[in-house]
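# Fold and contact review
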Amino acid sequence: MLESLKNVGWSVERGWLSHQDLAVLSQAFQEWQDEKRFTPAKIGQGQNLQQHGGIRGDETWWFDLATPPAELKPILVRVDALKTEINRTLFLGLKDWEVHLASYPAGAGYKKHLDRHQSQSSRKLSLVLYLNENWQKEDGGQLVIYNQASDELTRVNPEGGTLVLFLSEDFPHEVLPAKRERRSLTGWFLDAPRGVL
Ligand code: OGA
Ligand code: MN
């Protein structure tokens, strides 16, 4: 994973989560949805923040990182360890990270975009961990990663347990609509402490 990140700037690792971990999270995810913790996602930042179903159709939950749900704690510990490991081997100078849970209802996607906002430079490395049990290729919902010249580099099936990392500034990407609900833990490693631009 780190080798690929170093060589090409992105990586896809299947089986980063065990089936057991995935099963626990799937059940918890359903409960969080039943508790109505998710809200329609927004795009842009600050004054430009807007809800725009035509561009992205997911619902997100930015849970408080100071008090994360218990089921997520072991994963967040691993995300933090990953930050340390990436800094040790790739010298990206990652200072912090932020994550949220996302759910795309059937039919929803996210048009091609870059994760680094123009006015904000702290998002260095994007992370997506899929939480879908038994995902079939025919279910759709692939993540398409492009290079700066808009050549397609890869298509990732959002199969539960797969972890994707890519440099936030360098890779435009899009989420194709899926035939069933599509879940993930999505976040960013930052080169500044959280809350500082
Ligand atoms: C995002 C995003 C990709 C995915 O939330 O910015 O691009 O595969 N997500 O869910
Ligand atoms: Mn994105």
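The notes below deal with the structure included here. None of the values given here were measured: they were computed from a predicted structure. (Residues numbered from 1 in each chain as written. Chains lettered and ligands numbered in written order. Predicted model: local features only at pLDDT ≥ 70, side-chain atom pairs only at ≥ 80, totals over all residues. Heavy atoms only, no water.)

## Quick notes on the coordination of the manganese ion (ligand 2)
- Taken together, His113 (NE2), Asp115 (OD) and His173 (NE2) make up the protein donors of the manganese ion (ligand 2), found 2.0 to 2.1 Å from the metal.
- Every donor residue of the manganese ion (ligand 2) comes from the same chain, spaced as H-x1-D-x57-H. Side by side, His113 and Asp115 carry an identical accessibility label, which is buried. (Donors = N, O, S within 2.8 Å, 3.2 Å for Na, K, Ca; no water. Buried < 20%, exposed > 50% of the residue type's maximum accessible area, 1.4 Å probe, protein only.)

## Here we look at the site of ligand 1
- Taken together, Tyr104, Tyr110, His113, Asp115, Val128, Tyr130, Leu143, His173, Val175, Arg182, Thr186 and Trp188 make up the full set of residues adjacent to ligand 1.
- The separation between an oxygen atom of ligand 1 and a polar side-chain atom of Asp115 is 3.1 Å.
- Contacts to ligand 1 include His173, whose side-chain N or O atom sits 2.9 Å from an oxygen atom.
- In the complex, the protein chains occlude 98% of the 290 Å² of accessible area that ligand 1 would expose alone.
- Among the elements of the structure, β7 (110–113), β8 (123–130), β12 (173–175) and β13 (182–190) are those that each provide at least two residues to the shell around ligand 1.
- Top element by residues in the shell around ligand 1 is β13. It accounts for 3 residues. (Near = heavy atom within 4 Å. Polar contact = N/O pair within 3.5 Å; in protein donor to acceptor, adjacent residues only side chain to side chain. Areas by Shrake-Rupley, 256 points an atom, 1.4 Å probe, with all protein chains shown as cover. Helix = DSSP H or I, 4+ residues; strand = E, 2+ residues; numbered from the N terminus.)

## So, the sheet that holds strand β9 (residues 143–146)
- Overall, antiparallel pairing links the 4 strands, which are arranged β7-β12-β9-β10 in an open sheet. Two strands bound the open sheet, and with one partner strand each, they are β7 and β10 (152–156). Averaged over all pairs of adjacent strands, the angle between strand axes in this sheet comes to 10 degrees, irrespective of strand direction.
- Of the pairings in the sheet, the one linking β7 to β12 comprises 2 bridges and is antiparallel in character. Residue pairing for β12: His113 is matched across the bridge by His173. (Pairing = 2+ DSSP bridges. Axes fitted to C-alpha atoms, helices over the stretch in contact; angles between N-to-C directions.)

## Examining the side chain of Ser184
- Position of Ser184 relative to the elements: it lies in strand β13.
- Looking at Ser184, the relative accessible area reads 2%, which means it is buried.
- Among the polar contacts listed, one links the side chain of Ser184 to the side chain of Thr186, at a separation of 3.0 Å.
- Once you skip the residues sitting within four places of it in the chain, Ser184 turns out to touch Phe29, His100, Leu101, Ala102, Val128, Leu129, Tyr130 and Leu131. (Contact = heavy atoms within 4.5 Å.)

## Let's talk about the packing of aromatic side chains
- If you walk through the whole model with that rule in mind, you get 6 aromatic pairs.
- Aromatic ring contacts, followed pair by pair, group Phe29, Trp32, Phe38, Trp61 and Phe63 into a single cluster.
- The ring of Trp188 carries the charged tip of Arg123 above its face, separated from the ring centre by 3.6 Å.
- Positioned above the aromatic ring of Tyr104, the side-chain terminus of Arg182 is 5.1 Å from the ring centre. (Phe/Tyr/Trp six-rings, centres within 6.5 Å; stacked < 30°, edge-to-face > 60°. Lys NZ or Arg CZ within 6 Å of the ring centre and 35° of its normal.)

## Observations regarding the pattern of salt bridges
- Scanning the model with the defined rule gives 11 salt bridges in all.
- We note a salt bridge from Arg56 to Asp58, for which the minimum N-O separation is 2.7 Å. Like Arg56, the residue Asp58 is buried in the burial classification.
- In this structure, Glu85 and Arg88 form a salt bridge, with 3.1 Å as the shortest nitrogen-oxygen distance. Taken together, the residues Glu85 and Arg88, both in helix α3 (residues 73–90) and 3 residues apart, mark about one turn of the helix.
- Classification of Arg88 by relative accessible area gives exposed; the value is 54%. (Salt bridge = Lys/Arg side-chain N within 4 Å of Asp/Glu carboxyl O.)

## Observations regarding the pairing of strand β11 (residues 163–167)
- For β11, the tally of buried residues reaches 5 of 5 residues, placing the bulk of the element in the interior.
- Judged by which residues are buried, β11 turns out to be covered on both faces: Leu163, Leu165 and Leu167 on one side and Val164 and Phe166 on the other are all buried.
- In the sheet, strand β1 (residues 10–13) pairs with β11 via 4 bridges, with the strands oriented antiparallel. Bridge pairing in β11 places Glu13 opposite Leu163.
- Relative to β11, β8 runs antiparallel, the two being bridged by 5 bridges. In the strand pairing of β11, Leu129 is matched with Leu163.

Any functional reading would require information beyond the geometric quantities listed.
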